[in-house]
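These are the residues of each chain, in order.
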Amino acid sequence: MYVLRRLPSLLATLFAVSLLTFLMTSLLPGDPALQILGAENATPEAIAEVRAELGLDDPLPVRYLAWIGDALTGDFGRSYRTSEPVAEAIIDRLPVTAEVGILAIIIALLVAIPVGMLSAYRAGTRTDKIISSTSFGLLAVPNFMVAIFLILIFSVTLGILPATGWVNFTDDPVQNLRSALLPALSLAIAEMAVYTRLLRTDMIATLQQDFVTMARVKGVSNRRILFRHALRPSSFSLMTVAGVQVGAIIGGSVVIETLFALPGVGRLLLDSVVQRDLLMVQGVALVIAVSYVVVNFTVDILYSYLDPRISHGRSAARV
Amino acid sequence: MRGHRRPVRVSGKRVLASVGLVGLLLGSAACGGGDGDDNGPAQEGTVEDVSEQGDPVEGGEITVGLEAETNSWLPGEGSFSNSGTTVAYAIYDPLIKRTAEGDFRPYLAESMEPNADLTVWTLKLRPNVQFHDGTPLNAQALKTIFDEYLTAPTSNVKNTLADVTALNVVDDLTVEYVLAQTNAAFPSVLTGSPGWPFSPTAAAAAGEDAGANPVGTGPFQFVSWQRDSAFVVEKNDNYWQEGLPHLDGITFRPIPDEDTRVSSLQSGDIDAMQTLRQSTVQRARDLDGVDNYEYLGNNAGGSIINSSIAPFDDLRVRQALAYAIDQPALIDVIGGTGLTPAATQYFSPDSPFYSEKAAEAFPTYDMEQAQELYDDYINDPQRSDGEPVGTDLAFTYRCPPDPTLNELSQLYQNFWSQLGMDVSLETVEQAAHVQNGISKDYEVQCWRVGDEQDPYVTLKNAFTEGPLNFTGYTSPEIADGLETLRTTTDLAERQEAVAQISLDISENVPNLFTGYTLTDIAVRDVVKNVDGWTFPDGTEGDGVPGAQAMWGFVWTTE
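**A few points about the overall build of chain A**
Next up, step 1: Regarding its fold elements, chain A presents 15 helices and 0 strands.
Next up, step 2: With respect to the three principal axes, the spread of C-alpha positions in chain A is 85 × 55 × 35 Å.
Next up, step 3: A buried classification covers 47% of the 319 residues belonging to chain A.
Next up, step 4: Across chain A, the fraction of contacts at a sequence separation of at least 24, relative to all contacts at a separation of at least 6, is 73%.

Okay, here's the thing in structure tokens:
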């Protein structure tokens, strides 16, 4: 029921996203016809011919309806620049971005959960202060700086991981993991700092709850209290932010994929914007926006699993 | 087995650069003009920085890091920048190439000769050359490519070939290019993508995917392409040049970030990389175990001034802008100190078309002179912008978003502000920047000029009516010089014509310059003979202009 109630707003969001994506890309300065022809061949006649062939002179509403109509059937058109089908280009590249992004979140959570819990458990101690200041420090470093630093250490100095490049999982799973590790780590560093800070704050509050005191009185071990009793109710903010941070990871992928020369969606988006490959930009932006909305929708659903009060309109909370 | 010359590569100040059409295929003398001191200390320009080459070694594979990805590998559809062109030389053979002396000479073609008035160019192909798919390279193949691809409505070389009214088949191996007018520079067109034959049967079979499945006659044949990741080629066992290629295969990887491309070379992820960025050349020179194959070309950084609008239609203003800038300071900002000389014209000092006279005439840093010209203009009651006497100039300087260019823009602003000009800086994304140039919707903006094409092509584009005349500047002297370049193949006459044009540009200042661009292919020192390619008859080629190599001649000792 909760899912059904949320569905109309989800669809409205997706419609707004598609419209804004289309409008923003259409209003970008710079003529795609010029990009196709190159400056040397951009005579006014040639530009007019290419624009007519691509339908770029049609009114915006006509172009939007044609585009969204085709997009709903899975046809995003063909790239102006490369002639490849947009949907195919996105499908080819999505696994790269998804793998690096998911790996980044896993690394961030694997580090943040125990460290955040330790920090909360030792709140106010020297350990807590070291963890907190390290987290703040990592938050302040942009991911491209982290990336360059990691390349210098692991590729140039130690020579144990590749500085650039991508190996498909189907070609060589081990090499695939090696090529994904540094990009994922670059994205994960800031994420783990955010997660650590959030989990620490929530868990400190949880550890002061009566049920935790009761568990302690009953002689339940600290480890059991932390992992079995305190972690779940302390995870709300973490989960919310993990959902929201998907956007940050996708945004970060634009930079990271360019730095590490990965054939992902972020780099495709950047190149397409620079080259005014409008259909590709619209397709990629739509897919990213839909992914973002769907992930956050899923997080909402998970909320209701973690806290049944949510699926009942918080009625229980009001009682 | 081919014999390989040059046990030691000498890159120092090669006599290359521009394209003298001279004696083209007619056997006339070389153009000369080099000022190289091959044994001199590493200062401006290319330096000797290459290990012992040894004898060719067969086999092995290398990975090459590129500056950028290419949109399509089909001539007419692909935008072949420096990165795309170097890859294309693995797959395709150019009909015409340029020699070390600057002449044009047939490469894949066997001969190319003009008629008396240079309106019909007859090209004869070599016998028994096949595309990678087995399709024979013959006259009909060239005609099909020309008619169905290169001159198609959306072809990006259609304008380049606009002068060609027809391509006629003469016999099985001979075609003639019929031109609308005399054009002595026509063969230079066939050094670029309009002169890279591809299999018409393979292109027809691939349809819209032809750009992703290139089939040429080159030393390597296409294996696979994952966009933005890897373009893989393998040895063409049926290559028409006996003994080539040496390598079994090459993987080209676009790595757009300069720092990580260098790191990849250092870590051994790649064996070679190209760069056009001066600071990266500087870094590559300092790397251990790395050979640098450098080339000082004609391409130069700088600015264009929109001379079609006030106040820039007044020579005093343009000259004031030029006299107020300190070129060495600008070159330092782009990391070119010690690498590139200050540019003064469209041709570098290594080019046979470089003019000392034009260099001397180009304004050099002189604030007093600049102030005098500026004051003279703003206090002129007849000033072209119609503003009241004494009113300072206010204008916008535009550049694409890039940290180095931002710094460069600020330096320009600083120089011109000292005169009293109110200079606003605006960052414009590359696509819009180019469009602004074409539509002349700008006042002054940063720009690159100069290339390795025939001077007629370069200067005609820049200084006659048309979309590529970004500055809006023309003059009778330039028109006169261009006419000479169009109608004669005599080197001396052509040099004189270019000098006349360059002098006019120096005196009328539609352009401002920083320095020429030193390009580099940096390789691990196991990769050899990167710039040592030759024509089938043994004539020395033009090396690695624009960091573009002929990979069929390269070998690895590893």
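**Some remarks on the confidence of the model for chain A**
Next up, step 1: In the predicted model, chain A carries a mean pLDDT of 85, and 95% of its residues have values of at least 70.
Next up, step 2: For residues 314-319 of chain A, every residue scores under 50 in pLDDT, and the model assigns this stretch 5 contacts once sequence neighbours within four places are set aside.

**Brief notes about the interface of chain A and chain B**
Next up, step 1: Listed by partner, the interface residues are 41 residues for chain A and 37 residues for chain B.
Next up, step 2: In this assembly, chain A packs against chain B so that about 3400 Å² is buried in total across both faces, 49% of it on carbon and sulfur atoms.
Next up, step 3: The interface formed by chain A and chain B holds 7 salt bridges in total.
Next up, step 4: The closest approach of N and O atoms between Arg-78 of chain A and Glu-208 of chain B, which form a salt bridge, is 2.9 Å.
Next up, step 5: Here chain A is connected to chain B by 13 residue pairs in polar contact (both at pLDDT 80 or more).
Next up, step 6: For the side of chain A that touches chain B, the secondary-structure elements that each account for two or more residues are helix H2 (32-37), helix H3 (44-54), helix H7 (143-157), helix H11 (236-259) and helix H12 (265-274) of chain A.

**Re the state of the cysteines**
All names here are of chain B.
Next up, step 1: By the definition in use, this model includes 1 disulfide over all chains.
Next up, step 2: Across the disulfide, Cys-399 is cross-linked to Cys-446 (sulfur-sulfur distance 1.8 Å). Taking the torsion about the sulfur-sulfur bond, which here is approximately 130 degrees, the covalent link between Cys-399 and Cys-446 counts as right-handed. In this pair, Cys-399 is assigned in strand S13 (residues 394-399) and Cys-446 in strand S15 (residues 444-449), connecting sequence segments 47 residues apart. Both residues of the pair, Cys-399 and Cys-446, count as buried.

**Comments concerning the environment of Tyr-64 of chain A**
Residues and elements named next belong to chain A.
Next up, step 1: Relative to the elements of secondary structure, Tyr-64 occurs in helix H4 (residues 60-72).
Next up, step 2: With relative accessibility at 8%, the residue Tyr-64 sits in the buried group.
Next up, step 3: Distance in space between the C-alpha atoms of Tyr-64 and Arg-200 is 47 Å, their sequence separation being 136 residues.

**Observations regarding the nonpolar core**
Next up, step 1: Ranked by size, the top nonpolar core spans 101 residues in total, and within it Leu-321, Tyr-346, Trp-416, Met-421 and Leu-459 of chain B carry the most contacts.
Next up, step 2: Top element by residues in this core is helix H13 (residues 278-306) of chain A. It accounts for 9 residues.
Next up, step 3: Leaving out residues up to four positions away in the same chain, Trp-416 of chain B has contacts with Leu-321, Ala-324, Ile-325, Phe-395, Tyr-397, Met-421, Val-423, Val-444 and Leu-512 of chain B.
Next up, step 4: One finds Ala-88, Leu-123, Ile-145 and Val-527 of chain B within the second-largest nonpolar core, a separate group that totals 80 residues.

**Structural notes on unusual backbone geometry**
Residues and elements named next belong to chain B.
Next up, step 1: Cis peptide bonds are those with omega within 30 degrees of zero, and the linkage from Leu-244 to Pro-245 qualifies with -5 degrees.
Next up, step 2: Considering the arrangement of structural elements, one finds Pro-245 in the loop between strand S9 (230-235) and strand S10 (249-254).
Next up, step 3: Cis geometry is found at the peptide bond from Ala-310 to Pro-311, where omega equals 5 degrees.
Next up, step 4: Topologically, Pro-311 is positioned in the loop between strand S12 (290-305) and helix H7 (315-323).
Next up, step 5: Its identity as a non-glycine residue notwithstanding, Val-509 has a phi of 45 degrees, on the positive side.
Next up, step 6: Of note, the phi angle at Ala-547 is positive, near 55 degrees, even though the residue is not glycine.
Next up, step 7: As for its placement among the helices and strands, Ala-547 is situated in the loop between strand S17 (527-528) and strand S18 (555-556).
Next up, step 8: Judged by its relative accessible area of 1%, Ala-547 is buried.

**Some words on a negative patch on the surface**
Next up, step 1: A cluster of like negative charges, contributed by Glu-58, Glu-61, Glu-234, Asp-237 and Asp-248 of chain B, occupies part of the molecular surface.
Next up, step 2: Looking at the element boundaries, Asp-237 of chain B is found in the loop between S9 and S10.

**Side note on the packing of aromatic side chains**
All names here are of chain B.
Next up, step 1: Under the definition given, this model contains 32 aromatic pairs over all chains.
Next up, step 2: Between Tyr-346 and Phe-463, the ring centres sit 5.5 Å apart and the planes meet at 65 degrees, which makes this aromatic pair edge-to-face. One end of the pair, Tyr-346, is in the loop between helix H8 (327-333) and helix H9 (356-361); the other, Phe-463, is in helix H13 (residues 455-463), and 117 residues separate them in sequence. Phe-463 matches Tyr-346 in its accessibility class, with the two residues each being buried.
Next up, step 3: Centroid distance Tyr-397 to Trp-416: 5.7 Å. Interplanar angle 65 degrees. Geometry classified as edge-to-face. Taken as a pair, Tyr-397 in strand S13 and Trp-416 in helix H11 (residues 403-417) lie far apart in primary sequence, 19 residues in all. Trp-416 carries the same exposure label as Tyr-397, and that label is buried.
Next up, step 4: Every member of this aromatic cluster is reached through a ring pair, and the members are Trp-73, Phe-80, Tyr-89, Tyr-92, Trp-196, Phe-222, Trp-225 and Phe-231.

**Details of the packing of helix H5 (residues 86-121) of chain A against helix H6 (residues 126-140) of chain A**
For any two helices packed against each other, the geometry is given by the interaxial angle and the distance between the axes.
Residue and element names in this part refer to chain A.
Next up, step 1: Relative orientation of the contacting elements H5 and H6 amounts to 135 degrees, with a least axis distance of 8 Å. In this view, H5 runs oblique relative to H6, as classed from their interaxial angle. The handedness of the crossing between H5 and H6 comes out as left-handed. Of the residues in H6, those in contact with Val-115, Leu-118 and Ser-119 of H5 are Thr-127, Asp-128, Ile-131 and Ser-132.
Next up, step 2: Tallied by class, residues from the contact of H5 with H6 come to 3 nonpolar, 3 polar and 1 charged.

**Considerations on H11 of chain A**
Residues and elements named next belong to chain A.
Next up, step 1: With 24 residues, H11 ought to run about 34 Å at 1.5 Å a step, and its terminal C-alpha atoms sit 33 Å apart, in line with that.
Next up, step 2: Taking the largest bend as the criterion, H11 deviates by roughly 35 degrees, centred on Ser-253.
Next up, step 3: Ala-261 sits one or two residues past H11 and shows a positive phi near 55 degrees.

**Quick look at the pairing of S12 of chain B**
All names here are of chain B.
Next up, step 1: Summarising burial for S12: 15 of the 16 residues are buried, a large majority.
Next up, step 2: As defined by bridge partners, S12 adjoins strand S16 (residues 511-524) across 11 bridges and the pair is classed as antiparallel. Looking across to S16, one finds that Ala-300 is bridged to Tyr-516.
Next up, step 3: For S12 and S15, the ladder comprises 6 bridges, and the chain directions are antiparallel. What sits directly across from Gly-301, in S15, is Arg-448.

**Digging into the confidence of the model for chain B**
Residues shown with low pLDDT carry predicted positions that ought not to be read at fine detail.
All names here are of chain B.
Next up, step 1: Scored by pLDDT, chain B has a mean of 89; 91% of the residues are at 70 or more.
Next up, step 2: Predicted confidence is poor over residues 1-43, with pLDDT under 50, and the contacts of this stretch with residues over four places away or in other chains come to 150 contacts.
Next up, step 3: Complex prediction metrics read pTM 0.85 and ipTM 0.82.

**Quick word on the sheet that holds strand S6 (residues 164-171) of chain B**
Residues and elements named next belong to chain B.
Next up, step 1: The 4 strands lie next to each other as S4-S5-S7-S6, forming an open sheet whose pairing is antiparallel. Sheet topology places strand S4 (109-114) and S6 at the edges, where each strand pairs with a single neighbour. Across the sheet, the axes of successive neighbouring strands diverge by a mean angle of 20 degrees, strand direction being ignored.
Next up, step 2: Sheet contacts for helix H2 (residues 139-150): strand S5 (120-125), S6 and strand S7 (174-179); angle to S6, the most-contacted strand, approximately 160 degrees.

**Topic: the sheet that holds strand S8 (residues 220-226) of chain B**
All names here are of chain B.
Next up, step 1: Pairing is mixed across the open sheet formed by 10 strands, whose spatial order is S8-S9-S10-S1-S11-S16-S12-S15-S13-S14. The outermost strands of the open sheet, each flanked by one partner alone, are S8 and strand S14 (422-427). The mean inter-strand angle of the sheet, taken between neighbouring strand axes irrespective of direction, is 20 degrees.
Next up, step 2: In the sheet, strand S11 (residues 272-275) pairs with S16 via 4 bridges, with the strands oriented antiparallel. Along S16, the bridge assignment pairs Met-273 with Ala-522.

**A closer look at the pattern of salt bridges**
All names here are of chain B.
Next up, step 1: Under the counting rule described, the total for this entry stands at 27 salt bridges over all chains.
Next up, step 2: Glu-258 is the partner of Arg-261 in a salt bridge, and the nearest nitrogen-oxygen pair spans 3.2 Å. Residue Arg-261 and its partner Glu-258 are located together in helix H5 (residues 258-267), separated by 3 residues, close to a single helical turn.
Next up, step 3: Three or more residues joined by partner-sharing salt bridges are found here, namely Asp-314, Arg-316, Asp-376 and Asp-380.

The rules we used
Residues numbered from 1 in each chain as written. Chains lettered and ligands numbered in written order. Predicted model: local features only at pLDDT ≥ 70, side-chain atom pairs only at ≥ 80, totals over all residues. Heavy atoms only, no water. Helix = DSSP H or I, 4+ residues; strand = E, 2+ residues; numbered from the N terminus. Buried < 20%, exposed > 50% of the residue type's maximum accessible area, 1.4 Å probe, protein only. Contact = heavy atoms within 4.5 Å. pLDDT = per-residue confidence, 0-100. Buried area = accessible area lost by both parts, 1.4 Å probe. Salt bridge = Lys/Arg side-chain N within 4 Å of Asp/Glu carboxyl O. Polar contact = N/O pair within 3.5 Å; in protein donor to acceptor, adjacent residues only side chain to side chain. Disulfide = S-S within 2.5 Å. Core = buried A, V, L, I, M, F, W, Y, C linked by side-chain atoms within 4.5 Å. Patch = residues over 30% accessible without salt bridge, like charges linked within 9 Å, V, L, I, M, F, W, Y side chains within 5 Å. Areas by Shrake-Rupley, 256 points an atom, 1.4 Å probe, with all protein chains shown as cover. Lys, Arg positive; Asp, Glu negative; His and termini not counted. Charge placed at Lys NZ, Arg CZ, Asp CG, Glu CD. Phe/Tyr/Trp six-rings, centres within 6.5 Å; stacked < 30°, edge-to-face > 60°. Axes fitted to C-alpha atoms, helices over the stretch in contact; angles between N-to-C directions. Parallel < 35°, antiparallel > 145°, perpendicular 65-115°, else oblique. Left-handed = near helix turned anticlockwise from the far one by under 90°. Nonpolar A, V, L, I, M, F, W, Y, C, P; charged D, E, K, R; others polar. Expected span 1.5 Å × (residues − 1). Bend = angle between axes of the 7 residues up to and from the residue. Pairing = 2+ DSSP bridges.

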